[in-house]
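What follows is the residue order along each chain.
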Amino acid sequence: MALHQLHDVIRRCQVIPDDGFKVEDYDQFQMAGRSCLEEGKTAEVLDIVTDEKNKEIVKSMGWNLLGPLVKIVLKKEAESLQHCLTTLKHVLEVCSPKELLVGLLEQIEDANVDNIAETITLLLQPLQTALLKLGKKKASSLGMSLSTVLNQISQLPVPYTKEQEEDDVYGLCQCCAALIEFVKPFVDEVDRSRESKAIVAENEQRTELLKFCMKSLGNPVLQSQLDKVPDSAEDPPLRHFAAEILVILSCIGESFPALLLHHLVKKKAEPGFLEEDVKYPMESLACLSYLLFVQHIGIERFPTVFSPVFILQFNMQYIEVLLKSSEESMLSKGLELYEKSLQRTEDNSLPMQLLEVKCFLSVPQDLVTVMTLCPIQHLRTEALAVFQLYIDKFDTEGKHKLFGCLLKISQHAGVQGYIITNIKNQIDFSLKPGNSNVWFSGPQLLPLLHLVLSLPEGPETDLLQNFDRIMGSLNLLRYLLIRDKEWDNHTGIWTELYKIEENFLKLLHTGLKMSKAHYEAEIKKTKENNRKKGPKESKAVCTLTVGGEKLSNVTPEMHLQVLQSAMFTFDLIESVLARIEEIIEVKVKP
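Residues numbered from 1 in each chain as written. Predicted model: local features only at pLDDT ≥ 70, side-chain atom pairs only at ≥ 80, totals over all residues. Heavy atoms only, no water.

When helices and strands are counted, the protein shows 27 helices and 2 strands. Its C-alpha atoms give the protein a radius of gyration of 35 Å, more than 25% over the compact-globule value 25 Å for 590 residues. Overall size of the protein, expressed as C-alpha extent along the three principal axes, is 120 × 75 × 50 Å. Relative to its 590 residues, the protein shows a buried fraction of 49%. Put simply, 73% of the contacts in the protein that link residues at least 6 apart link residues at least 24 apart. Positive and negative charge centroids in the protein, built from 64 and 82 side chains respectively, lie 5 Å apart. (Helix = DSSP H or I, 4+ residues; strand = E, 2+ residues; numbered from the N terminus. Rg over C-alpha atoms; globule rule 2.2 N^0.38 Å. Buried < 20%, exposed > 50% of the residue type's maximum accessible area, 1.4 Å probe, protein only. Contact = heavy atoms within 4.5 Å. Lys, Arg positive; Asp, Glu negative; His and termini not counted. Charge placed at Lys NZ, Arg CZ, Asp CG, Glu CD.)

On to the pattern of salt bridges, then. What the rule picks out here adds up to 16 salt bridges. One salt bridge in this structure joins Glu189 and Lys138, with 3.0 Å as the shortest N-O distance. Placement of the pair is Glu189 in helix H11 (residues 172-193) and Lys138 in the loop between helix H8 (116-133) and helix H9 (139-153), with a sequence separation of 51 residues. Since its relative accessible area comes to 18%, Glu189 is described here as buried. Here Lys499 makes a salt bridge to Glu496, at a shortest N to O gap of 3.4 Å. A residue is classified by how much of its surface remains accessible, and Glu496, at 10% relative accessible area, is buried. Here the salt bridges share partners, and the residues they tie into one network are Lys228, Asp235 and Arg239. (Salt bridge = Lys/Arg side-chain N within 4 Å of Asp/Glu carboxyl O.)

For the rest of this paragraph, the subject is the layout of surface pockets. Reported here for the second largest pocket is a volume of approximately 270 Å³. Elements that contribute at least two residues to the lining of the second largest pocket include exactly helix H2 (23-38), helix H5 (66-75) and helix H7 (97-109). Ranked by the residues each element gives to the lining of the second largest pocket, the list is headed by H5, at 6 residues. Of the residues contributing to the lining of the second largest pocket, the split by class is 4 nonpolar, 5 polar and 6 charged. (1 Å grid on protein atoms, 1.4 Å probe; cavity = no way out; pocket = protein on both sides within 12 Å on 5 of 7 lines; lining within 4 Å. Points joined across faces, edges and corners; volume = space filled by probe spheres on them. Nonpolar A, V, L, I, M, F, W, Y, C, P; charged D, E, K, R; others polar.)

To continue, consider the packing of helix H1 (residues 2-14) against helix H3 (residues 42-50). Contact pair H1 / H3: the axes reach a minimum separation of 11 Å and the direction vectors enclose 5°. Classified by the angle between their axes, H1 and H3 sit roughly parallel to one another. Side by side, H1 and H3 meet where Leu3, Leu6, His7 and Ile10 of the first sit next to Glu44, Val45 and Ile48 of the second. (Axes fitted to C-alpha atoms, helices over the stretch in contact; angles between N-to-C directions. Parallel < 35°, antiparallel > 145°, perpendicular 65-115°, else oblique.)

On to helix H18 (residues 308-323). For H18, which comprises 16 residues, the first-to-last C-alpha distance of 21 Å matches the rise-based estimate of 22 Å (1.5 Å per residue) to within 8%. Of all the positions in H18, only Ile311, Leu312, Phe314, Asn315, Met316, Gln317, Tyr318, Ile319, Glu320, Leu322 and Leu323 are classed as buried. (Expected span 1.5 Å × (residues − 1).)

Attention now moves to empty space enclosed by the protein. Enumeration according to the criterion identifies 2 cavities of 30 Å³ or more in this entry. By volume, the largest cavity is sized at about 40 Å³. As for the largest cavity, its lining consists of Leu92, Leu100, Pro126, Thr129, Ala130 and Lys133. Of all the elements, H8 adds the most residues to the lining of the largest cavity, at 4 residues.

Attention now goes to the side chain of Gln317. Assignment of secondary structure puts Gln317 in helix H18. Residue class for Gln317 comes out buried when judged on its relative accessible area of 12%. Within the local environment of Gln317, its side chain forms a polar contact with the backbone oxygen of Phe314, the two atoms lying 3.0 Å apart. The residues contacting Gln317, other than those within four sequence positions of it, are Leu260, His263, Leu264 and Met282. (Polar contact = N/O pair within 3.5 Å; in protein donor to acceptor, adjacent residues only side chain to side chain.)

Here the focus is the environment of Leu446. Following the sequence through the fold, Leu446 ends up in helix H24 (residues 446-452). Considered as a pair, Leu446 and Gly492 are 46 residues apart in the sequence and their alpha carbons are 7.0 Å apart. If near-sequence neighbours (up to four positions away) are discounted, Leu446 is found in contact with Thr491, Gly492 and Glu496.

Here the focus is the packing of H7 against H9. Packing of H7 against H9 brings their axes to within 9 Å, and their N-to-C directions diverge by 15°. As summarised for this structure, H7 and H9 are arranged roughly parallel, according to the angle between their axes. In the crossing of H7 with H9, the sense of the turn from one axis to the other is left-handed. Counting all contacts with H7, which are made through Leu101, Leu105, Ile108 and Glu109, the residues of H9 involved are Ser141, Met144, Ser145, Thr148, Val149 and Gln152. (Left-handed = near helix turned anticlockwise from the far one by under 90°.)

A word on the confidence of the model for the protein. Taken over all residues, the pLDDT of the protein has a mean of 89, while the share at 70 or more is 92%. Averaged over each element, pLDDT in the protein is lowest for strand E1 (residues 542-546) (56) and highest for helix H21 (residues 377-393) (98). (pLDDT = per-residue confidence, 0-100.)

Along the chain, the position of Lys527 falls in helix H26 (residues 497-532). In this structure, the C-alpha to C-alpha distance between Lys527 and Ser575, residues 48 residues apart in sequence, is 26 Å. Beyond its immediate chain neighbours, meaning those up to four positions away, Lys527 contacts Leu560 and Gln564.

Encoded structure:
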């Protein structure tokens, strides 16, 4: 039935001029052709399509068969596969490139998620052929094609391990390899045009290729594992894809330094800056920086004239972008880029003036967020190591200012305690012979000491929540009283002792009394309640807040243990405080 309908449409259209076909002619040809293919009449359709008498009809209408042909080819049924492949090849040869372009992109865009990779690898070569036939006026069509393909590829899961990358179950690596082959002739055209006078068409094509490279760097490259495989001569597929993207950028005339410095030097007020942001997305440039300075892909094309400090400075904007992400792959790359950028600089070399650049304080805050809130243990550990590396790179004045700023802006007691330990280490170093410096001794040190030796909220400070900070402060004070003799007083601690006793030790005593009284009353109340309750009631659960943290599903027995643990913490603080007061008493005795 469908075959008869197709013959009828063909006979009717044979007597109509090729510019006289109506919409219903196209619809009937498409419906009849699809039905024939679905009914398995693939050989008959091939005969009709390749019949010389039907050449003009196929030239005008044949692209409408792309959908059903692709659908059957993807099924890979032996009895119809070869007929459909031959039909598809013929349609691609005779039809208008503009109509083919629309039809091919429609098939790629409508591909089922399970068939994305197969559809793309099947149609990229025909799509390339159609685009090349468009001649000079193909830039916008090329851009649309690349955007469509990348949007579909972005739906494919990115391999997490090298084994997954080798298996390539979802076909992402296969698509990336095919995509590189797809763009090569268009890259070659732009590369050749650079040797002659600039032509508008090539400039537009260059822009579309630049957008393609930037989008590819954002996804899938930024999401991929890009390390080299030890003892392997060949790069893994996705690392190879990343390297090819950088080759394309070079071929179309993009300078890596100009790209990485783009957001630092461009003027936001200039017309069309939104278009510039589309061409130069920050995540993509962050990926480029990672490839260059961590993986050393394309580093031979990056000039060696830039100082390590300058490279660190422009990389900070990209580190910030990566560290603000919640994705493991981006966080990991941000930490690696941060570490490698710091390692290029010498210890104690970064000047204090860098801290006047916004990102030199905002990026450490992002690093602290990773250290304290990231659910992935190894990333928290790496973040802490990078945090210490960052501190080590500043000169003494820079460290002094950095410590003060971080203490003021950090809300995490553990981080504050860590900074205080670093301050203690710097003071210890400066007190050794030959290491004296003005920033960790004498008048310059005192404001920092007063900042450390204080309670954030006076006697009402939550001592449990601020335990790490308080213990760090007490240990620093104890160290100073023992290490810096009162007759030397290099740090000025003995001169300021009366202020510290009044503004820190006295308030801490008051806070301890208040906290211990509160928890002693809670313990007494809990024990009385447990005695009054029966065996079943004593197993009931509740929610408890200790040190700012909520503990759920807490039994009365656990409740009591938590309260007793808090009392132990207060005793620990009190014991260190008592030791400090003993030292003071002994030192000040006449």
